[in-house]
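# Report on the structure
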Amino acid sequence: MRLPRRPRLLIPVAITLVVLVVALFIFAGIYTDYLWFDSVDFTPVFSTMLLTQILLFLAGAVLMVGIVGGNMVLSHRMRPMFGPGMFGNAQGADRYRLAVDPHRKLVFLIGMAILGLFAGSSTAGQWRTWLLFQNGTPFGQADAEFKLDLSFFMFTYPFLRMVLNFLFTAVILSIIAAALVHYLYGGFRIQTPGGVHASRAARSHLSVLLGVFVLLKAGAYWLDRYGLVFSDRGKVFGASFTDINAVLPAKGILAIISLICAGLFFAGVVRPGGMLPGVALGLLVLSAVLIGGVYPALVEQFQVKPNQQAKEQEYIKRNIDATRKAYGVDTAVVTQYSAKTDASEAVLQSESAAIPGMRLLDPSLLSPTYQQKQQIRGYYQFPEQLDIDRYPTPDGKFRDTVVAVREMGLPPNEQRNWINDHLVYTHGFGVVAAPGNAVDGSGVPNFSEKDIPPTGNLGKYEPRVYFGESSPEYSIVGGPNSTNPVELDYPEQGGSGQKNNTYTGQGGVPIGGVFTRFLYALKYGETNLLLNSNINEDSRIMYIRKPIERIQQVAPFLTLDRDPYPAVVGGRIVWIVDAYTTSDAYPYSEPKSLEELTTDISTSRLAVPQVPRDIINYMRNSVKATVDAYDGTVTLYEWDSKDPVLKTWQKAFGGIIKPTAQISAELRNHLRYPADLFKAQREILTQYHVTNANAFFSGQDFWKVPEDPATKKSKQPPYYVTMKMPGSTERFSLTTTFVPNGRQNMAAFMAVDATAGADAKLEILQLPSNTAIQGPPQAQNTFLSNTTVSQQLNLLRGTGGATEVLYGNLLTLPFGGGLLYVEPVYVQPKEETSGRFPTLQKVLVLYGEKVGFGNNLEDALKQVFGGVTTTPSTNQPETTNPEQTENNTPQAATLAQTVDKAKKAYDDAQAALTANPPNWAAYGTAQAALKAALEELAALQSAAPTTPASASPSPSPSASPSSSPVAAASGGP
């Protein structure tokens, strides 16, 4: 039944309209992308990527359509002269042919269009492989087996493999398509009896295609020889004994046999019959099974397995050397460390001077405290994981500082609408910072930068945060000076109103033109972008605002660290992000999942996307990147000028990366050794600290990263902390510990100078394997099983366990020839309320078998080291308990009275917390009273004659009185 003329005309019109609408959306996406790249001055990245992908798309589509389509056309032209019935009854094929033939051209064109679309898209997706091949930079190092520069394996080999895979796909599809056309048009028939009957043309055509396939197979066999450096057959990654002595010659032989078989297939063109192709196919299959499969298996079974350690020794050594080089751990300095548990008083005196200034505040626990003390309004928020940075003190020294940016969250639910979401609540405001070694009398951080507008010692800076980790998806900002500001800037003092602002920077994309607004309305599916009267000729739209997403957009060839951190540099808040060049094509290097390498207990707290589940075996911190929080400016700085992978990308994308010399001195002070690289390196070093092939084979000396002692979930994170390695000066460092496989005692301690230095070396203190120095989990157990500690912890928990005790980061530090453990103890109400937050109340210290549990770090150190006194830090505030006498001795009281005091103080604190609104002043007073009561109790316990409990594995002195309830605190990941 034919459709009426008018509906038939409407069909192409409807199809045209659909095509135009789809094209308009595609154009809107591409053009707005261009506008975004132009706004950040990275148009070379946009143009290079777009042009490369278009050319690869066209090349892939044209080649695939040309090869497959050409063979289909050739098959059709080779159809028999006498028609499809020449081999007798073939009603099935005839039926299909009759159905297809009237629409032959249309079916062909549609099929080729779909094929070209898929082939072109697949090829365009390989733009990284093409650019690396086109711009490859030599490493100046040769691989151990073939003596080729490593750049061949990193840049050339992946491209050759991609080309081979493309050609294989094209030839296989050509064989299938040609066979189908020959079948439809009578070139061959499958009949019973008699088997396959084919015309000479069809047989010749398919023989040539099969010959080309086998010829490609010969090339693949030859290329596979070089791919053996990525073999996982042996004990370790990389070519093994069997690969080199059996598979390698087998690949060469198979390549020659494939050439012979290809010749036999080609000979089938001039010699009729199926004997030569049959011989070729049989020879190819038989040789692949016997030479490529059976022979290597026999060598593996009867030569290697009975003597695997001796046979694989050379290849294990290759793997060790390559892996250490690829992950940058080959320069690690290993020092044997006795970790003795006693030291002379003179040594302890000299080394203890720096300890009170050490950071104890744990950035993984303090987010609720910052939220309660510095949120100001409910629409502001802080990240769950705070950051560690360094800022100078008045005397010019740098101290560890816990920092966070007060970012804009979502408006209150009752105020949610498009205008508030995108025009009013547009930016956060200010930095909040606290020195890592100081709290006030109630255990709250002693903020050095706080409030709105900001006050503190960070100097004058632009506090507005338009680009951050929690910024809205997009915001419309800016406008003429004559218009009334609509952007919420900050609440005015006294809660009587708000200060509004109009953005005056150059961040974002100008959106004043009607056409541009129309394109963004299409992009976001939002008509308000066209209709809202607040959007004017000076308006700008800000999107892609998270630092990681912003950098990834302009540098898609880099892998980014999961944890950006803010710093005040040059009067602006900037986000600093470490960027890595990675690869999975480094010969012999052990491949690992980057996500598994970098995951520990701290990563779950980061409100950023997880790194891709990429497998890598090469990693360099080659770039330091910054994002200006006010105007979104992205700056990339070269950090590892020796990295050939970075040099290759620099050739591909021009001058988008600035030289190291352009890093300002102020910015350099805030750069640090990246956490994700350190995590990857420590995972590699759990095995690859062993450099002897025989010892590596046995695996008896392998380590592991201990579980987090406080949570017993996942791995303990590395910690940024200012400390001193044996024989060196005090410095800002990134530290971690290792324990043996299957045990929890300490195996090694590792640290790296975390200050700005591209050549920083890992330093490992390796403990004797025949001693049982406590590891972090054992140290935590020693703390909790100590009688005095457990009693005071029970008091901190309050009546009925109403108070929750939280353990901060357990820091491990080389000290006096041994290892010192320091752990802050926090307290917060157990009941989950919107007003609860942790406060630092106690500090635990362990040295050898001696435990200290003091009101501050100095107090705990005195308990452990007796008469040894420390030099107080100049940054350490001193608070005085009003209930203490002049000689700092607690007032005499009975035990029952003291317990009553503690209970009353706790009840007062709970009442202050549950008040509506919470009474923070009363809460602080109650906390101070609670601390005083605990001090009195500790004094009573120490004054009474006691005998250490035999059940305690590590008895310690009772807590001694302190002049400061909690004066110093510092530590954290």
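It should be emphasised that the depicted structure is a prediction, and the values quoted were computed from it without experimental measurement. Position numbers for residues count from 1 along each chain, tracking the sequence in the order it is written. Restriction of local features to residues with pLDDT of at least 70 applies here, the model being predicted, together with a cutoff of 80 or more for giving and counting side-chain atom pairs; totals for whole chains, interfaces and linings are based on all residues. Only hydrogens and water are set aside when side-chain values are computed; all heavy atoms of the structure are taken into account.

### Section: the overall build of the protein chain
Put simply, the rule reads: Counting from the N terminus, the helices are DSSP H or I runs at least four residues long and the strands are E runs at least two residues long. Buried means the residue's accessible area, taken with a 1.4 Å probe over protein chains only, is under 20% of the maximum for its type, while exposed means over 50%, and partly exposed covers the values in between. Only heavy atoms matter for contacts: two residues are in contact if any of them lie within 4.5 Å across the pair. Only the protein chains shown count as covering a residue, and every accessible area follows the Shrake-Rupley method with a 1.4 Å probe.
Helix and strand counts for the protein chain stand at 26 helices and 35 strands. Considering the protein chain as a whole, with its 973 residues, one finds that 54% of them fall into the buried category. Pairs at least 24 apart in sequence give 71% of the contacts found in the protein chain among residues at least 6 apart. In the form shown here, the protein chain has an accessible surface area of approximately 41800 Å², with 58% of it arising from carbon and sulfur atoms.

### Side note on helix H4 (residues 104-124)
Rules: In a helix, the anticipated span is given by 1.5 Å times the number of residues less one. What the arc covers is the set of directions going from the helix axis to the C-beta atoms.
With 21 residues, H4 should cover 30 Å at 1.5 Å per step; its first-to-last C-alpha distance of 29 Å lies within 8% of that length. Looking at H4, one finds that the buried residues are Met112, Leu115, Gly116, Ala119, Gly120, Thr123 and Ala124. Angular distribution of buried residues about the axis of H4 spans 150°; they occupy a single face of the element. Structural note: H4 exposes Leu106 and Phe118 on the side pointing more than 90 degrees away from its buried face. The inward-facing, buried residues of H4 abut helix H2 (43-77), helix H5 (127-135) and helix H6 (150-184).

### Describing the packing of aromatic side chains
The condition is simple: Each Phe, Tyr or Trp ring (for Trp, its six-membered ring) is paired with any other whose centre lies within 6.5 Å, and the angle between the two planes then decides the class: stacked below 30 degrees, edge-to-face above 60, tilted in between. Definition used: whenever NZ (Lys) or CZ (Arg) falls within 6 Å of the ring centre and also within 35 degrees of the ring normal, the charge is taken to sit over that ring.
Inspection of every chain in the model, using the stated rule, returns 43 aromatic pairs. Each ring, one from phenylalanine 133 and one from phenylalanine 159, has its centre 4.0 Å from the other, and the planes form 10°; the classification is stacked. Of this pair, phenylalanine 133 sits in helix H5 while phenylalanine 159 sits in helix H6, placing them 26 residues apart in sequence. Owing to a relative accessible area of 30%, phenylalanine 133 belongs among the partly exposed residues under this scheme. Note on phenylalanine 815 and phenylalanine 865: the rings are 5.1 Å apart at their centroids and 25° apart in plane angle, and the pair reads as stacked. Of this pair, phenylalanine 815 sits in strand E32 (residues 811-815) while phenylalanine 865 sits in helix H24 (residues 857-865); the two residues are 50 residues apart in sequence, bridging distant segments of the chain. For the pair phenylalanine 815 and phenylalanine 865, a shared accessibility class is recorded, and that class is buried. Aromatic ring contacts, followed pair by pair, group Phe27, Tyr31, Tyr34, Trp36, Phe37, Phe46 and Phe515 into a single cluster. Against the face of tryptophan 222 rests arginine 225, its NZ or CZ located 4.0 Å from the ring centre. Note that arginine 545 overlies the ring of phenylalanine 467, its terminal NZ or CZ placed 6.0 Å from the centroid.

### Details of the pairing of strand E30 (residues 762-766)
Defined as follows: Two strands form a pair only when DSSP identifies at least two bridges running between them.
Pairing geometry for strand E3 (residues 333-336) and E30, over four bridges, is parallel. When the sheet's bridge partners are listed, threonine 335 is paired in E30 with leucine 765. Where strand E29 (residues 748-753) lies against E30, five bridges are found, and the strand directions are antiparallel. The partner of phenylalanine 749 across the bridge, within E30, is leucine 765.

### Considerations on the packing of helix H8 (residues 241-267) against helix H10 (residues 308-326)
Stated precisely, the cut-off is as follows: Only the stretch in contact is used when fitting a helix axis, every axis being a line fitted to C-alpha atoms; angles between N-to-C directions are given from 0 to 180 degrees. With respect to orientation, any angle under 35 degrees is reported as roughly parallel, any angle over 145 as roughly antiparallel, any angle of 65 to 115 as roughly perpendicular, and every other angle as oblique. In this classification, Asp, Glu, Lys and Arg are treated as charged, Ala, Val, Leu, Ile, Met, Phe, Trp, Tyr, Cys and Pro as nonpolar, and every other residue, Gly included, as polar.
One way to put it is that H8 packs onto H10 with a least axis distance of 8 Å and a crossing angle of 100°. As far as their axial angle goes, H10 and H8 are roughly perpendicular. For the pair H8 and H10, the contacting residues are Phe241, Ile244 and Asn245 in the first and Lys311, Glu312 and Tyr315 in the second. Class assignment of the residues belonging to the contact of H8 with H10 gives a composition of three nonpolar, one polar and two charged.

### Remarks on the environment of proline 740
Mapped onto the secondary structure, proline 740 falls in strand E28 (residues 730-740). For proline 740, a relative accessible area of 7% corresponds to the buried category. On a C-alpha basis, the gap between proline 740 and tryptophan 703 in space is 4.3 Å, while along the polypeptide they are 37 residues apart. Setting aside anything within four residues of it in sequence, one finds proline 740 in contact with Phe702, Trp703, Lys704, Asn745, Met746 and Ala747.

### Quick look at the sheet that holds strand E16 (residues 509-510)
Across the sheet, three strands lie side by side as E13-E17-E16; this open sheet has antiparallel pairing. Sheet topology places strand E13 (474-477) and E16 at the edges, where each strand pairs with a single neighbour. The pairing of E16 with strand E17 (residues 540-543) spans two bridges and is antiparallel. Bridging across to E17, proline 510 finds its partner in arginine 540. Relative to the sheet, helix H14 (residues 514-524) contacts E13, E16 and E17, its axis offset from that of E17 by approximately 30°.

### Let's talk about the pattern of salt bridges
Where we set the bar: Salt bridges are identified by distance alone: a Lys or Arg side-chain nitrogen within 4 Å of an Asp or Glu carboxyl oxygen.
All told, the structure shown has 22 salt bridges when counted by the stated rule. Across the pair arginine 359 and aspartate 400 runs a salt bridge, and its minimum N-O distance is 3.9 Å. With arginine 359 in the loop between helix H11 (345-351) and helix H12 (367-374) and aspartate 400 in strand E6 (residues 398-405), the pair connects residues that are 41 residues apart, well separated along the chain. Accessibility assignment for this pair places arginine 359 and aspartate 400 in one class, buried.

### Some thoughts on the packing of H8 against helix H9 (residues 275-304)
Closest axis-to-axis distance for the H8/H9 pair is 9 Å, and the angle between their directions is 175°. In terms of axis orientation, H8 runs roughly antiparallel to H9. Of the residues contributing to the contact of H8 with H9, the split by class is 24 nonpolar, six polar and one charged.

### Re the side chain of glutamate 462
Spelled out, the test is: Contacts described as polar in this section are N or O atom pairs within 3.5 Å, which, within protein, must combine one atom able to donate a hydrogen with one able to accept it, while residues neighboring in sequence count only if both atoms come from side chains.
Take glutamate 462: it is sitting in the loop between strand E11 (455-456) and strand E12 (464-465). Only 3.0 Å separates the side chain of glutamate 462 from the side chain of arginine 464, close enough to count as a polar contact. Non-local contacts of glutamate 462, meaning those with residues more than four positions away in its chain, are made with Gly571, Arg572, Ile573 and Tyr630.

### Digging into the environment of serine 207
Along the chain, the position of serine 207 falls in helix H7 (residues 200-227). Each C-alpha atom of the pair serine 207 and phenylalanine 266 lies 6.2 Å from the other, and the pair is 59 residues apart in sequence. Leave out the neighbours within four places in its chain, and serine 207 touches Phe265 and Pro277.

### Brief notes about the nonpolar core
Short version of the rule: Only buried residues count toward a nonpolar core, which is a set of Ala, Val, Leu, Ile, Met, Phe, Trp, Tyr and Cys residues joined through side-chain atoms within 4.5 Å.
Membership of the largest hydrophobic core comes to 171 residues, with the highest contact counts inside it found for Phe42, Tyr370, Leu529, Leu636, Trp649, Phe653 and Leu762. Here the element with the most residues in this core is H6; it accounts for 11 residues. Counting 49 residues, the second-largest nonpolar core is a separate cluster that includes Ile355, Met725, Leu811 and Tyr847.

### Here's the deal with the confidence of the model for the protein chain
Stated precisely, the cut-off is as follows: How sure the predictor is of each residue is captured by pLDDT, a score from 0 to 100.
On average, the protein chain scores 85 in pLDDT, and the residues at 70 or more come to 85%. In the predicted structure, residues 84-90 sits below a pLDDT of 50 and forms 18 contacts with residues beyond four places in sequence or in another chain.

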